[in-house]
Amino acid sequence: MKITDTSDLWWKTAVVYCLDVETFLDSNGDGVGDLQGLGQRIDYLAQLGVTCLWLMPFYPTPDRDDGYDISDFYGIDPRLGTHGDLVEVIRTARDRGMRVIVDLVVNHTSDRHPWFLAAKRSVDSPYRDYYIWRSDAPPKGQKNAVFPGQADGIWEKDEKSGQWYQHSFYEHQPDLNIANPRVRDEIAKVIGFWLQLGISGFRVDAVPFLLEIPEGADIPEPHDLLKDIRRFLQRRSSEAILLGEVNLPYEQQIEYFGGESGDELTMQFDFVGMQALYLSLVRRDPAPLIEALRSRPELGTEVQWANFLRNHDELTLDKLSDAEREEVFEAFAPDERQRVFGRGITRRLPPMLEGDPRRIRMAYSLLFTLPGTPVLFYGEEIGMGENIEIPGRQAVRTPMQWSDDRNGGFSDAAPSRLVAAPPSDGYAPTHVNVATQLEDRGSLLHFVRDLVSRYRISPELGWGAFEVVEQPASSVLVHSLTADVGRFVAVHNFSEVPVETRFRLPDEPDGSALVDLLHAARLPLGPKGVVAFEVPAFGYRWLRVSRPGDGRVT
Ligand code: TEU
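Remember, predicted model here, so these are calculated numbers, not experimental data.

Asker: Account for the site of the ligand, with residues named and values stated.
Answerer: Neighbouring the ligand are 19 residues; Asp65, Asp205, His312, Asp313 and Glu314 lie closest to it. Take histidine 108: an N or O atom from its side chain is 3.0 Å from an oxygen atom of the ligand. Arginine 393 is positioned with one of its side-chain polar atoms (N or O) 3.0 Å from an oxygen atom of the ligand. Expressed as a share of its isolated accessible area of 500 Å², the protein-covered part of the ligand is 97%. Among the detected pockets, the ligand sits in the largest pocket. In terms of residue class, the shell around the ligand is built from 6 nonpolar, 4 polar and 9 charged.

Asker: How would you explain the sheet that holds strand β12 (residues 339-340) if you had to name every residue and give the values?
Answerer: A sheet is described by the order of its strands in space; here 3 strands give the open sequence β11-β13-β12, paired in antiparallel fashion. The sheet is open, and its two borders are formed by β11 (315-316) and β12, each paired with just one other strand. In terms of strand pairing, β12 meets strand β13 (residues 344-345) through 2 bridges, oriented antiparallel. Each residue of the ladder has a partner; that of arginine 339, found in β13, is isoleucine 345.

Asker: Could you give me a rundown of the environment of leucine 38, with the residues and numbers involved?
Answerer: Mapped onto the secondary structure, leucine 38 falls in helix α1 (residues 35-40). Under the relative-accessibility criterion, leucine 38 is labelled buried at 0%. Not counting residues up to four positions away in its chain, the partners in contact with leucine 38 are Leu19, Val21, Phe24, Leu25, Leu45, Leu55 and Val89.

Asker: Help me get a handle on helix α11 (residues 322-332), residues and values and all.
Answerer: Along an α-helix, a turn takes 3.6 residues, which lines up residues three or four apart on a common side. Within α11 the residues assigned to the buried category are Arg325, Val328, Phe329 and Phe332. Along the long axis of α11, the arc covered by the buried residues comes to 105 degrees, so they all point the same way. Of the exposed residues in α11, the ones pointing more than 90 degrees away from its buried face are Ala323 and Glu330. Against the buried residues of α11 lie α9 (271-283), β12, β13, α12 (349-352) and α13 (357-369).

Asker: I'd like a description of empty space enclosed by the protein, backed by residues and values.
Answerer: This structure, assessed with the given rule, holds 6 cavities of 30 Å³ or more. The calculated volume of the largest cavity comes to roughly 80 Å³. Along the wall of the largest cavity there are 13 residues; nearest its centre are Trp54, Phe269, Phe308, Arg310 and Asn311. At 3 residues, the largest contribution of residues to the lining of the largest cavity is made by strand β14 (residues 373-377). Of the residues contributing to the lining of the largest cavity, the split by class is 8 nonpolar, 2 polar and 3 charged. Estimated volume of the second largest cavity: approximately 60 Å³. Lining the second largest cavity, in full, are Asp270, Gly273, Met274, Leu277, Leu289, Leu293, Arg296, Asn307, Phe308 and Leu370. In terms of residue count, the dominant contributor to the lining of the second largest cavity is α9 (3 residues).

Asker: Tell me about the nonpolar core, and name the residues and values.
Answerer: By size, the foremost hydrophobic cluster in this structure holds 146 residues, and its most contacted members are Tyr17, Leu19, Leu38, Leu45, Phe202 and Met400. Per-domain counts for this core show at least three residues from each of domain 1 (114-166) and domain 2 (464-546). The contacts of leucine 19, once residues within four sequence positions are left out, are Phe24, Leu38, Leu45, Leu53, Trp54, Leu55, Met56 and Tyr378. Val491, Leu505, Leu525 and Phe533 belong to the second-largest nonpolar core, a separate cluster that totals 16 residues.

Asker: Account for the packing of α13 against helix α15 (residues 444-456), with residues named and values stated.
Answerer: Angle between the axes and distance between the axes are the two parameters that describe a pair of packed helices. At a minimum axis separation of 10 Å, α13 and α15 run at an interaxial angle of 20 degrees. Looking at the two axes, α13 sits roughly parallel to α15. Helix-helix and strand crossings are classified by hand; for α13 and α15 the assignment is right-handed. Packed against α13, whose contacting residues are Ile360, Arg361, Tyr364, Ser365 and Phe368, the element α15 presents Leu444, Phe447, Leu451, Val452 and Tyr455 at the interface. For the contact of α13 with α15, the per-class residue count stands at 8 nonpolar, 1 polar and 1 charged.

Asker: Got a sec to walk through the packing of aromatic side chains? Specific residues and values, please.
Answerer: Tallied over the full model, the rule gives 32 aromatic pairs. With centroids separated by 5.5 Å and ring planes inclined at 65 degrees, the aromatic side chains of tyrosine 59 and tryptophan 194 adopt a geometry described as edge-to-face. With tyrosine 59 in the loop between β2 (52-55) and α3 (83-95) and tryptophan 194 in helix α5 (residues 181-196), the pair connects residues that are 135 residues apart, well separated along the chain. An identical accessibility class is assigned to tyrosine 59 and tryptophan 194; each is buried. Between tyrosine 278 and phenylalanine 332, the ring centres sit 6.3 Å apart and the planes meet at 85 degrees, which makes this aromatic pair edge-to-face. Taken together, the residues tyrosine 278 in helix α9 and phenylalanine 332 in helix α11 connect sequence positions 54 residues apart. Each member of the pair, tyrosine 278 together with phenylalanine 332, is buried. Through a chain of ring-to-ring contacts, the aromatic side chains of Tyr17, Phe24, Tyr44, Phe377, Tyr378 and Trp402 assemble into a single cluster. Above the plane of the ring of tryptophan 155 lies arginine 134, whose end atom (NZ or CZ) is 5.2 Å from the centre.

What counts and how
Along each chain, residues carry numbers from 1 onward, in the same order as the chain's sequence is written. Since the coordinates come from a predicted model, pLDDT governs what is reported: local features require at least 70, and pairs of side-chain atoms require 80 or more to be given and counted, while whole-chain, interface and lining totals use all residues. By convention in this description, side-chain values take in all heavy atoms of the structure and omit both hydrogens and water. For each residue, the test is whether any non-hydrogen atom lies within 4 Å of the molecule or strand; if one does, the residue is near. Within 3.5 Å is the distance limit for a polar contact, defined as a pair of N or O atoms, with the added protein rule that one can donate a hydrogen and the other accept it, and that residues adjacent in sequence qualify only through two side-chain atoms. The Shrake-Rupley method, run with a 1.4 Å probe sphere, supplies the accessible areas, and residue values consider only the shown protein chains as cover. Cavity means a closed set of points on a 1 Å grid over the protein atoms alone, one where a 1.4 Å probe fits but cannot get out, pocket means an open set with protein on both sides within 12 Å along at least 5 of 7 lines, and lining means a residue has an atom within 4 Å of a point. Assignment to a cavity or pocket requires that more than half of a molecule's atoms be within 2 Å of the site's grid points. Under the scheme applied, nonpolar residues are Ala, Val, Leu, Ile, Met, Phe, Trp, Tyr, Cys and Pro; charged residues are Asp, Glu, Lys and Arg; polar residues are all the others, including Gly. In this analysis, strands are considered paired if DSSP registers two or more bridges between them. Where helices and strands are cited, they refer to DSSP runs of H or I of at least four residues and of E of at least two residues respectively, numbered from the N terminus. For each residue, the accessible area found with a 1.4 Å probe, counting protein chains only, is set against the maximum for its type, and the residue is called buried under 20%, exposed over 50%, and partly exposed in between. Contacts are assigned to residue pairs with any non-hydrogen atoms lying within 4.5 Å of each other. Arc definition: it is the arc formed by the directions from the helix axis to the C-beta atoms. Grid points are joined across faces, edges and corners, and a volume is the space filled by probe spheres set on the points. Nonpolar cores were defined as sets of buried Ala, Val, Leu, Ile, Met, Phe, Trp, Tyr and Cys residues, with membership established by side-chain atoms within 4.5 Å. How far each domain reaches was decided by an automatic or database domain assignment. For helices, the axis comes from a line fit to the C-alpha atoms of the stretch in contact; other axes are also lines fit to C-alpha atoms, and the angle between any two N-to-C directions lies between 0 and 180 degrees. By the definition adopted for this analysis, an angle is roughly parallel if under 35 degrees, roughly antiparallel if over 145, roughly perpendicular if from 65 to 115, and oblique otherwise. In a left-handed crossing the near helix is turned counterclockwise from the far helix by less than a right angle, and in a right-handed crossing that turn is clockwise. Here is the rule: rings of Phe, Tyr and Trp (six-membered ring for Trp) pair when centre to centre is within 6.5 Å. Planes less than 30 degrees apart are stacked, more than 60 are edge-to-face, and the remainder are tilted. Geometrically, a lysine NZ or arginine CZ counts as sitting over a ring once it is within 6 Å of the ring centre and also within 35 degrees of the ring normal.

Below, the structure is given as structure tokens:
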């Protein structure tokens, strides 16, 4: 047995699926999705090939930030069910080979959280220092809140004490003071609680904000706090992970992995690569993505990138230059209503690509072949669109579309009682739904399933060393991932023009061939490892190097 047994690091080759319980399936007809509903769809997710469910916040909440404003870290929102229902979900998922991770939102609480209520009641309350206060008015030109236009600065006055509390996000989300050791103990207890219920880790919300230490606080290096959290997590559960939301440039992300020692976040979303990918899609040119991937730091064995095309927030373009952002806006969000915060797009992928199945499939093929672990947002597998009638980030948070029945099979409630209205355009449930696509072998759902199953038997994708393979076609990206199990070569044409690609894999032994994993085909490598073929408009190929006698059948 090797010291790093790859099967321990399950998350290096996981297929993560993010969903919000309230928009997945409503089992009791009140218009709100619930845990029992989710329980009924675990088999659907298993059949899709998902190996890790990420549940967005399901805690008690005044619901002014879609559940990211939490009023009890240990509870379950009563609209969604009970702890018993959650345990059933976790257990059923585990039985079908799926782990569950949950959101850990400890940068802030809701202003309805009992800690904040107590903190406001008296400056002498033991909970006062759970939050961050200043006694004088914040200076003009202060730091802006994360949601421009929705919060004015990051300080809000508490009328009773005349002091100001810090909130990085909405005014109703006071920031917790992580410099206070009692707050750190609370966070550890929350982690311990959910682990004990059987979850396999956390998606950690807004990590850089969490590590922001109030001015003048007497505290060691903030990253030591993250290291403490990680140590605690691993003591309680060796398989558990921290998947961090760190929307920062690559150089800074390295610090959140814990640098060389890799002892902070286990995984981080690749926001930079995601944004470059959109610029590449707009330009029909892989160059921006190639540049990002080349500058993406190589990681040690025990950490990982999480790749995604869309998440529940706006498609942020904040890491692009102003001109590049404008370019993506013009192509993918021509209508002002499709933009938010001056930096992001409130749409899902298929409408941005004008519903062109070739482009949509090419984008998902890319997602699954990028070095790392893919993360899907619910509904991506069937090509759901957004509801443009709903302003802001909520537009992409509409109910899962199960069938062409009323409410898309999501709920029996009157449409007016639904937690969110499905789109009524060409992406309405009558046109886009699971039931219809299950019956159609040529559907996007079956396509994504095929990608998932191929991803799962190609550990090179999660483990391999990345390399861009040189070839002459400028609209084509050929990249390879090499691991001890073998070598994977992916080919993607970003343009509508079919083009010939020709490349060399000089180090492969004589008699090697490329096996096409998506279509039954075998391309022998010529002398010096040369191979050439035509890539169709927006085409993609998944190729595995088959070496003489390597014994692999797939
Ligand atoms: O988002 C935190 C965060 O920093 C986001 O603002 C994200 O980086 C940004 O949208 C990209 O431009 C998390 C959740 O994902 C979000 O839904 C919550 O509203 C937010 O925390 C506050 O809890």
